[in-house]
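Structure assessment
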Amino acid sequence: MDFRVEKDSLGNVQVPAGAYWGSQAERSRNLFQISGITEHPRMIDAYILLKKACTIANVELGLLDREIGGAIVQAADEILGGKFRDQFPVDVFHMGAGTSFNMNCNEVLANRAEQILGGNLGEYKRVNPNDHPNYGQSTNDTFPSAMRIMSRLLLADLFPAVDELAEAFDEKGREFDGILKSARTHLQDAVPIRLGQEFAAYGAAVKKSRRWLEYAANELEELGIGGSAAGTGLNTHPKYRFRVIELLREYTGIPFRPAEDLREAMQSNLAMSALSSGLRVLCLELTRVSNDLRLLCSGPLTGLAEIVLPAVQPGSSIMPGKVNPSMAENLSLVLFQVLGQCQSIDYGVQAGQLELNVMMPGMAFSSQFGIQILTNTLRTFTANCVRGIKADAERCAHYAETSPSLATALNVFIGYKEAAQVVKTALAEKKTIPQVVREKALLDEDTLKKALDPALLTEPGIPGQ
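Our subject in this report is the structure included herewith. (Residues numbered from 1 in each chain as written. Predicted model: local features only at pLDDT ≥ 70, side-chain atom pairs only at ≥ 80, totals over all residues. Heavy atoms only, no water.)

1. Digging into the nonpolar core
By size, the foremost hydrophobic cluster in this structure holds 102 residues, and its most contacted members are Leu378 and Phe381. Among the elements that line this core, the one with the most residues is helix α5 (residues 139-175), at 16 residues. Excluding residues that lie within four positions of it along the chain, Phe381 makes contacts with Leu165, Phe169, Leu293, Met327, Ala328, Leu331 and Val386. Formed by 16 residues, the second largest nonpolar core is a distinct cluster that contains Val422, Val437, Leu448 and Leu452. (Core = buried A, V, L, I, M, F, W, Y, C linked by side-chain atoms within 4.5 Å. Buried < 20%, exposed > 50% of the residue type's maximum accessible area, 1.4 Å probe, protein only. Helix = DSSP H or I, 4+ residues; strand = E, 2+ residues; numbered from the N terminus. Contact = heavy atoms within 4.5 Å.)

Structure below.
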């Protein structure tokens with residue numbers, strides 16, 4: 001491979017001749033061969049978008065040469081358009097605070113701008129990575145800002161996936177509304193419930209969980225850009241940070257706003273812990289729902305078998321004809337992975353020290369990876385599982401009619417103690433509740449029919465009235 005030699009404060013560095021990155025990214029590429037995973041496209045988008053806004057603001061304020069600024073903006077637009085995406089080789093687990101990736105972005109922008117202005121890669125005669133694309137900036141305010149922009153952009157993809165899942169559960173709630181079944185508490189028979197009520201409750205839980213993500217989105221929209229190295233705004237124009245955020249709002253349509261306190265914005269990563277909390281709440285609720293679906297479809301002959309999940313692939317390499325709840329299993333598997341990423345974010349957030357948190361590269365990776373796999377999973381789970389769920393109405397009705405918990409409705413007529421004896425007799429003699437009531441002549445037929453009407457037992461009211 002051909003190389004060019006670049007010189008930085010530590011000495012000479014051999015950089016691949018055709019690379020748009022420079023010495024600092026090359027040092028990082030060789031030092032941090034950790035995961036083989038480079039930054040997510042949305043993190044590149046966020047960082048380059050931020051650099052573009054910073055450059056325009058500095059040009060407008062007379063702090064950056066207009067021709068140089070124009071070349072940097074052109075380079076940024078080319079990257080945002082999909083070019084040079086292979087020029088960001090820094091591992092996601094690189095040096096603290098994200099300096100390697102910040103410099104990777106600065107170097108690619110500077111080298112491409114140098115080319116646009118008639119120069120060659122690595123010359124930096126007109127455009128210098130530190131002096132121009134990084135003017136008035138530091139890793140310490142650009143990386144956390146880009147991380148929040150990236151996370152907020154990814155949430156914009158997640159919200160529709162959450163909404164689609166909630167609506168799919170609502171649709172099943174309406175479809176199954178007339179199907180009676182036995183509820184279960186402690187995994188034991190309980191009073192009647194409608195299958196549609198269970199599914200409507202799943203939709204409500206998803207929608208309620210969304211509120212936590214909405215709160216996180218609001219926190220992510222506050223940016224500390226303009227704080228430079230320590231949150232004091234050294235080397236920045238007083239109007240600079242406000243103009244940068246105006247441009248970001250224009251570019252994204254997201255209501256980003258300047259941080260109220262730049263020191264707090266640099267010291268604290270509360271927005272990332274809010275994101276972690278929002279993701280965790282959704283994942284815990286969906287884990288519970290996934291477990292329910294797997295129980296409800298257990299069988300087909302030795303389980304509950306009240307619903308049938310779509311068959312998406314054979315379930316066994318040895319048992320012919322076996323079909324597993326693969327989509328629900330996949331959902332849980334991904335949810336556990338996202339919960340792990342939330343834990344990683346939390347550990348990173350509490351590790352801040354004084355004016356900076358150097359664990360941000362880990363937070364950024366956990367955010368993008370967690371949101372991405374959750375978004376993709378919810379989409380495929382909704383399309384390939386929830387929308388295709390079928391109910392076994394006959395099985396559900398059998399459970400509702402034979403469950404000893406029907407006796408709960410007898411309390412107001414014969415009292416709890418006598419109703420308990422009816423249950424014991426029914427179980428011991430393998431009879432239904434109505435059979436025992438008739439044999440013991442505890443209620444006349446009309447009263448019994450009213451008291452044990454399963455449809456009337458699934459809404460608020462007094463049995464028989």
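2. Quick notes on the pattern of salt bridges
This model, assessed by the stated rule, comprises 30 salt bridges. Among the salt bridges present, the one from Asp170 reaches Lys207, with a minimum N-O distance of 2.8 Å. With Asp170 in helix α5 and Lys207 in helix α6 (residues 195-220), this residue pair connects regions lying 37 residues apart in the sequence. For Lys207, a relative accessible area of 40% gives the class partly exposed. Measuring nitrogen to oxygen at the nearest pair gives 4.0 Å for the salt bridge that ties Arg257 to Glu221. (Salt bridge = Lys/Arg side-chain N within 4 Å of Asp/Glu carboxyl O.)

3. Section: helix α12 (residues 393-402)
Because an α-helix completes one turn every 3.6 residues, residues spaced three or four positions apart along the sequence face the same direction. Of the residues making up α12, those classed as buried are Cys396, Tyr399 and Ala400. Looking down the long axis of α12, one finds its buried residues gathered within 100° of arc, a one-sided arrangement. Looking at the buried side of α12, the elements it contacts are β3 (180-185) and α6. (Arc of directions from axis to C-beta.)

4. So, the pairing of strand β1 (residues 3-8)
Side-chain alternation along β1 places Arg4, Glu6 and Asp8 on a buried face and Phe3, Val5 and Lys7 on a face that remains uncovered. Turn length for the β1-strand β2 (residues 11-16) hairpin, with the two strands adjacent in sequence and antiparallel, is two residues. (Pairing = 2+ DSSP bridges.)

5. Some points on the pairing of β3
Taken together, the five bridges between β3 and strand β4 (residues 188-194) define a ladder with antiparallel strand orientation. The partner of Arg184 across the bridge, within β4, is Asp189. Connecting β3 to the antiparallel partner β4 that follows it, the hairpin turn spans two residues, and His186 within it adopts a positive phi of roughly 60°.

6. With respect to a nonpolar patch on the surface
There is a patch of nonpolar side chains on the surface, built from Val412, Phe413 and Ile462 and spanning about 250 Å² of accessible area. Inspection of the secondary structure assignment puts Phe413 in helix α13 (residues 411-429). (Patch = residues over 30% accessible without salt bridge, like charges linked within 9 Å, V, L, I, M, F, W, Y side chains within 5 Å. Areas by Shrake-Rupley, 256 points an atom, 1.4 Å probe, with all protein chains shown as cover.)

7. With respect to the packing of aromatic side chains
When we look at a pair of aromatic rings, we describe it by the centre distance and by the angle of the planes. Tallied over the full model, the rule gives 10 aromatic pairs. For the ring pair Phe199 and Tyr202, a centre distance of 5.5 Å and an interplane angle of 70° mean the geometry is edge-to-face. Here the residue Phe199 and the residue Tyr202 both occupy positions in helix α6, the gap between them amounting to three residues, near one helical turn. Taken individually, Phe199 and Tyr202 each receive the classification buried, so the pair is uniform in this respect. Ring-pair connections join several aromatic residues into one group, and the members of that group are Tyr47, Phe88, Phe101 and Phe143. Looking at Arg184, its charged tip hangs above the ring of Tyr399, at a distance of 5.3 Å from the centre. (Phe/Tyr/Trp six-rings, centres within 6.5 Å; stacked < 30°, edge-to-face > 60°. Lys NZ or Arg CZ within 6 Å of the ring centre and 35° of its normal.)

8. A short note on the environment of Ala53
Locating Ala53 in the fold gives a position in helix α2 (residues 41-60). Owing to a relative accessible area of 0%, Ala53 belongs among the buried residues under this scheme. Along the primary structure Ala53 and Val162 are separated by 109 residues, whereas in three dimensions their C-alpha atoms are 31 Å apart. For Ala53, the contacting residues outside a window of four places in its chain are Val244, Leu247, Leu248 and Tyr251.

9. Side note on α13
Given a rise of 1.5 Å per residue, 19 residues ought to cover 27 Å, yet the end C-alpha atoms of α13 are separated by just 21 Å, more than 12% below that figure. Of all the bends found along α13, the most pronounced is centred on Lys417 and spans about 75°. Those residues of α13 lying buried are Ala419, Val422, Val423, Thr425 and Ala426. Buried residues along α13 sit in contact with α14 (433-439). Count one or two residues on from α13 and you reach Lys430, which has phi positive near 55°. (Expected span 1.5 Å × (residues − 1). Bend = angle between axes of the 7 residues up to and from the residue.)

10. Thoughts on the packing of α2 against α5
Two packed helices can be described by the angle between their axes and the distance between those axes. Packing of α2 against α5 brings their axes to within 8 Å, and their N-to-C directions diverge by 125°. It follows that α2 is oblique to α5 by the angle criterion. Judged by the twist between their axes, the crossing of α2 over α5 is right-handed. Across the interface between the two elements, Arg42, Met43, Ala46, Tyr47, Leu50 and Lys51 from α2 touch Thr139, Thr142, Phe143, Ser145, Ala146, Met147, Ile149, Met150, Leu153, Leu154 and Asp157 from α5. Split by residue class, the contact of α2 with α5 holds 11 nonpolar, three polar and three charged. (Axes fitted to C-alpha atoms, helices over the stretch in contact; angles between N-to-C directions. Parallel < 35°, antiparallel > 145°, perpendicular 65-115°, else oblique. Left-handed = near helix turned anticlockwise from the far one by under 90°. Nonpolar A, V, L, I, M, F, W, Y, C, P; charged D, E, K, R; others polar.)

11. Quick word on unusual backbone geometry
Note that the residue after Gly299, namely Pro300, is joined by a cis bond; omega there is 10°. In this structure, Tyr124 takes a positive phi of about 55° despite not being glycine. Its location among the elements puts Tyr124 in the loop between α4 (99-116) and α5. The buried category is assigned to Tyr124, whose relative accessible area is 18%. The phi dihedral of Asn235 is positive, around 70°, even though this residue is not glycine. If you trace the backbone, Asn235 turns up in the loop between β5 (222-223) and α7 (240-252).

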